[in-house]
Amino acid sequence: MQMNFARRCTILAIVAATAIWSGCTQKKVEQMKASQIPDGAIDPADWGKVYPLHYKQWKLTSEPTPAGKSKYKRGFDVGEERRDKLDEYPFLALLYNGWGFGYEYKEPRGHYFMVQDQLEVDPGRIKAGGSCLTCKTPYAPMLQEQMGPAYFYTPYKEVLGRLPGDQQHLGVACVDCHDNRTMELRIARQFTLGKALKEIGVDQSKLTAKEKQTVVCAQCHVTYIIPKDKEMRSTDVLFPWSGSKQGNISVENIIKQIKSSPANLEWTQSVTGFKMGFIRHPEYELFSNNSPHWAAEVTCADCHMPTIKAQGEELSDHRIMSPLKSDLSACAACHTESPDALRAKVYSIQDNTIVLYLKTGYATAAVAKLFEMANKVEASGRKIDRNLYAQAKEGYEQGFYRLVFIGAENSTGFHNPDEATRVLNDASRYIASADAQLRRMLTQAGERVPEKIDLELPKYTEGRGAKKLRFRPEHEIKSPVIK
Ligand code: HEC
Ligand code: HEC
Ligand code: HEC
Ligand code: HEC
């Protein structure tokens, strides 16, 4: 705690010498209380007996977040449907057609829901098996240890079924981030993040308390690969960080890792017929790639777990959510601008990101349709220039993965504005050259390519609705049990 506040105060001094220092008072937490939490306690209710305020805030992640305070991660009112990325960005319905993400790809919500949301999602999204529980249940490390390799491929519900009934729906819990004896931050997922940190040369025992405020989140807010064996069974959950360094896990290197083995290609894109990899929520990777806040040693918790006061006690807010939804109170620890001014800055960064994202997204979808056209031409017996095709395919993949990277990252560019812009601009260039190569190739093959490609979007967006309905009744939707 000391370090935490010492640092916040230093930054305060740097960023705004005129800031009010009262924000830097010491939190009053009796660390001794921790030893009362029994070893092996996973149920947050047990931890809640010792830390009732933290437990209460943690449980609030089950509440709808305030509506109307965030532009791109809208809050929702009770009973309202959450937004689906496929509705917001229809080109994704085309690009992801071929597997679960093309049916349903909801925006994230509170930590409390993470397992429940998997049970509600289209079954195609949890087909990989137990692997899918890795960044959801606090029991994941235990299950993996007990089951060994079978953990990864055993059907999702079978793995979940090994847990006590009242624990099956539990999302990220105290034990995922804290040591029960000292309350120090810890990494529970040694079988994924532990391995990955080693690969980028990070010695866990040397991580500072401050660094851990980011690293605990990197257990889940990272991209991963679920490699497949010949029978398309899942064999692991891997972070594609090999060859990278802490502070520079670039999208280039992630793509290189994905493309390094056919085992990493998890699905087939139906429009192009290509076997592809995927990138999920790379919050840690984008943020830690030398963003201004990373460089200033600001942590995930600084912005997502601001200090609040409850019943006379100061604590880190365990109702983790968008800082926009708590009126940017977190930022005030370091910034002197008004919440309105800061909100305007966030929106301006996000708007810039979205303009580029939309432009690149639709261009990528058009190239996917050009491949569809080329495949048809070839299937009809006409010859195409295979060399140009291969070049275009490489460019398309490079552009596609970059687009997915920024679209899957949940801050809409805010975590690292310049890097988000750079990645999207590169994507746009790769896609433009693939577009030109395909047009040349198709023209040579005697095909007349229209200037504006018909994406046939309804085919992907509407077909999806029917499929979703067909799957729905199979689900048994229960509420998570939290005592
Ligand atoms: C055990 C995995 C795990 C850990 C550890 C974790 N998260 Fe999450 N987080 C998730 C998942 C999964 C979701 C999406 C839940 C859903 O939509 O059902 C999520 C959602 C979120 C959201 C969106 C909440 C909302 O209201 O929409 C924020 C913000 C967030 N996490 C921040 C953090 C921060 C900051 C940390 C570290 C202090 C952290 N998370 C640690 C898995 C994790
Ligand atoms: C300097 C402050 C800051 C830091 C540091 C920061 N974030 Fe964020 N984060 C934001 C803002 C601002 C947004 C955009 C929220 C919005 O659009 O509503 C955001 C969005 C998110 C979201 C999506 C929220 C939602 O409602 O869906 C997640 C998840 C997230 N951050 C996780 C992380 C993780 C993990 C880290 C560390 C690796 C991190 N953030 C570091 C400020 C920060
Ligand atoms: C996603 C990770 C995460 C989860 C889950 C989590 N915490 Fe924390 N907790 C943190 C972080 C980050 C801090 C910030 C202070 C630090 O560096 O120790 C913190 C701080 C604390 C502190 C020290 C005082 C304070 O408020 O700063 C206590 C006590 C605590 N948490 C209890 C709990 C309890 C009880 C639960 C479960 C109900 C829980 N935490 C769940 C990440 C987490
Ligand atoms: C722990 C301290 C800390 C917190 C908390 C923090 N920032 Fe910052 N922020 C900084 C520092 C330091 C810089 C300066 C980086 C530089 O200029 O190199 C910065 C820079 C920025 C910038 C770019 C410079 C500018 O003013 O245009 C923006 C935008 C920004 N922060 C927004 C936010 C928002 C929004 C939040 C809350 C969600 C936030 N910050 C939370 C320390 C913090």
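Reading the values: rules and limits
- Per chain, the residues get numbers from 1 upward, laid out in the order the sequence is written.
- Chains and ligands are labelled sequentially in the order written, the chains with letters from A and the ligands with numbers from 1.
- Given that the model is predicted, a residue must reach a pLDDT of at least 70 before its local features are reported, and side-chain atom pairs must reach 80 or more before they are shown or counted; all residues, however, enter totals for whole chains, interfaces and linings.
- Hydrogens and water molecules were not included; the side-chain quantities draw on all heavy atoms of the structure.
- Burial classes follow relative accessibility: with a 1.4 Å probe on protein chains only, a residue under 20% of its type's maximum area counts as buried, one over 50% as exposed, and anything between as partly exposed.
- Numbered from the N terminus, helices here are DSSP runs of H or I no shorter than four residues, and strands are runs of E no shorter than two.
- We call two residues contacting when some pair of their heavy atoms lies within 4.5 Å.
- We call a residue near a given molecule or strand whenever any one of its heavy atoms falls within 4 Å of it.
- Whenever two N or O atoms come within 3.5 Å, that pair is a polar contact, provided that in protein one can donate a hydrogen and the other can accept it, and provided that, for residues adjacent in sequence, both atoms are side-chain atoms.
- Coordination shells were defined by N, O and S atoms within 2.8 Å of each metal, extended to 3.2 Å for Na, K and Ca; water is absent from the atom set, which can make sites look incomplete.
- Note on geometry labels: four donors, all angles 85 to 135 degrees, give tetrahedral; four donors become square planar and six octahedral when opposite donors are over 155 degrees apart and every other angle is between 65 and 115; remaining cases are irregular.
- Salt bridge, as used here: a side-chain nitrogen of Lys or Arg that lies within 4 Å of a carboxyl oxygen of Asp or Glu.
- A helix is expected to span 1.5 Å multiplied by its residue count minus one.
- Strands pair, by our definition, only if DSSP identifies at least two bridges between them.
- Residues belong to a common nonpolar core when they are buried Ala, Val, Leu, Ile, Met, Phe, Trp, Tyr or Cys residues joined through side-chain atoms within 4.5 Å.
- Each Phe, Tyr or Trp ring (for Trp, its six-membered ring) is paired with any other whose centre lies within 6.5 Å, and the angle between the two planes then decides the class: stacked below 30 degrees, edge-to-face above 60, tilted in between.
- Two conditions define a charge sitting above a ring: the NZ of Lys or the CZ of Arg must be within 6 Å of the ring centre, and it must be within 35 degrees of the ring normal.

Caption draft 1: Layout of helix α13 (residues 251-259). Within α13, burial applies to Val251, Asn253, Ile254, Ile255, Gln257 and Ile258. Where the residues of α13 are buried, they touch α14 (283-288), α18 (386-408) and α19 (417-444).

Caption draft 2: Structural view of the site of ligand 4. As a structural note, the neighbourhood of ligand 4 is formed by 19 residues, with His293, Cys331, Cys334, His335 and Lys345 the closest of them. Here histidine 335 contributes a side-chain N or O atom positioned 2.8 Å from a nitrogen atom of ligand 4. Separating an oxygen atom of ligand 4 from a side-chain N or O atom of lysine 345 is a distance of 2.8 Å.

Caption draft 3: A look at the coordination of the iron atom of ligand 4. Of the protein atoms, only His293 (NE2) and His335 (NE2) coordinate the iron atom of ligand 4, at distances of 1.9 to 2.0 Å. One way to put it: the 6 donor atoms around the iron atom of ligand 4 meet at angles of 85 to 180°, and that makes the site octahedral. Residue histidine 293 is found in helix α15 (residues 292-295), and its partner histidine 335 is found in the loop between β4 (313-316) and α17 (339-379); the two are separated by 42 residues along the sequence. Its relative accessible area of 26% is what places histidine 335 among the partly exposed residues.

Caption draft 4: Quick peek at the site of ligand 3. In the region of ligand 3, 20 residues are neighbours, and Cys174, Cys177, His178, Ser316 and His318 sit closest. Histidine 178 is positioned such that a nitrogen or oxygen atom in its side chain is 2.8 Å from a nitrogen atom of ligand 3. Take histidine 318: an N or O atom from its side chain is 2.8 Å from a nitrogen atom of ligand 3. Residue assignment for the shell around ligand 3 shows that the elements contributing at least two residues are α3 (52-59), α10 (174-177) and β4.

Caption draft 5: The arrangement of the environment of tryptophan 294 in detail. You can see tryptophan 294 is positioned in helix α15. Placed 47 residues apart in sequence, tryptophan 294 and glycine 247 show a C-alpha to C-alpha distance of 8.1 Å. Sequence-distant contacts of tryptophan 294, defined by excluding residues within four places in its chain, comprise Thr214, Gln246, Gly247, Tyr284, Phe287 and Ser288. There is a polar contact of 3.5 Å between the side chain of tryptophan 294 and the backbone oxygen of serine 288.

Caption draft 6: Molecular detail of the pattern of salt bridges. According to the stated counting rule, one finds 31 salt bridges in the structure shown. Glutamate 88 is the salt-bridge partner of arginine 83, the closest N and O atoms lying 3.0 Å from each other. The salt bridge partner of arginine 422 is aspartate 426, with a shortest N-O separation of 3.2 Å. Within this pair, arginine 422 and its partner aspartate 426 are both found in helix α19, separated by 4 residues, close to a single helical turn.

Caption draft 7: Structural context of α19. The end-to-end C-alpha distance of α19 is 41 Å, a good match for the 40 Å that 28 residues give at a rise of 1.5 Å each. Just downstream of α19, glycine 446 is the residue with a positive phi angle, here 85°.

Caption draft 8: Just the pairing of β4, in detail. In the sheet, strand β3 (residues 307-310) pairs with β4 via 4 bridges, with the strands oriented antiparallel. The partner of threonine 307 across the bridge, within β4, is serine 316. Here β3 folds back onto β4 in antiparallel fashion, the turn holding 2 residues, of which glutamine 311 has a positive phi close to 45°.

Caption draft 9: Main features of the nonpolar core. Formed by 112 residues in total, the largest nonpolar core has its most connected members in Leu94, Leu95, Tyr96, Tyr151, Trp241, Tyr396 and Phe400. For this core, the element with the highest residue contribution is α17, accounting for 12 residues. Residues Leu324, Leu328, Val346 and Tyr347 belong to the second largest nonpolar core, which totals 6 residues.

Caption draft 10: How the structure looks around the packing of aromatic side chains. Under the defined criterion, the tally for this structure stands at 31 aromatic pairs. An aromatic cluster is built from Tyr96, Trp99, Phe101, Tyr105, Trp267, Phe274, Phe278, Phe371, Tyr389, Tyr396, Phe400 and Tyr401, whose rings are joined through pairwise contacts. The ring centre of phenylalanine 113 lies 3.7 Å from the NZ or CZ of arginine 109, which sits over that ring. We note arginine 125 situated over the ring of phenylalanine 101; from NZ or CZ to the ring centre the distance is 3.8 Å.

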